[in-house]
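# Structural overview for review
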Amino acid sequence: MIKLVFLGRLADLAGGGEIDITIAGPTRLEDLLLCLPGPLAEPLADLRVKLALNGRLVPRESLVVDAGDELAFLPPVSGG
């Protein structure tokens, strides 16, 4: 099982700040997103969304999660 954490407007889209997902083993980000509903997966696939794996910012490329991991999705910063 992994924990997905959503911050900012992404938490609104997810219906809450966290969800737990059961995975069979090491899973690539692209495959993980396929397990989520489209209205949530599409914004998470945005390259401007930053990722933190177990509390550390990580690049999207080649990201693999495994049981016990926590993956946080950080929305793009907006402002004026």
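Summarised in this report is the structure supplied together with it. (Residues numbered from 1 in each chain as written. Predicted model: local features only at pLDDT ≥ 70, side-chain atom pairs only at ≥ 80, totals over all residues. Heavy atoms only, no water.)

## Remarks on the sheet that holds strand S2 (residues 18–21)
Going by this rule: DSSP calls a pair of strands paired once it identifies at least 2 bridges connecting them. Each helix is a run of DSSP H or I of at least 4 residues and each strand a run of E of at least 2, with the numbering of both proceeding from the N terminus. Between the N-to-C directions of two axes lies an angle of 0 to 180 degrees, each axis being a line fitted to C-alpha atoms and, for a helix, fitted only over the stretch in contact.
Taken together, five strands build an open sheet; the order of strands is S2-S1-S7-S4-S5 and the sheet is mixed. Both outer strands of the open sheet, S2 and strand S5 (56–58), are each paired with one neighbouring strand and no more. Pairwise comparison of adjacent strand axes, ignoring direction, gives a mean angle of 30° for this sheet. Pairing of strand S4 (residues 50–53) with S5, which is carried by three bridges, proceeds in the antiparallel orientation. Looking across to S5, one finds that Leu51 is bridged to Val58.

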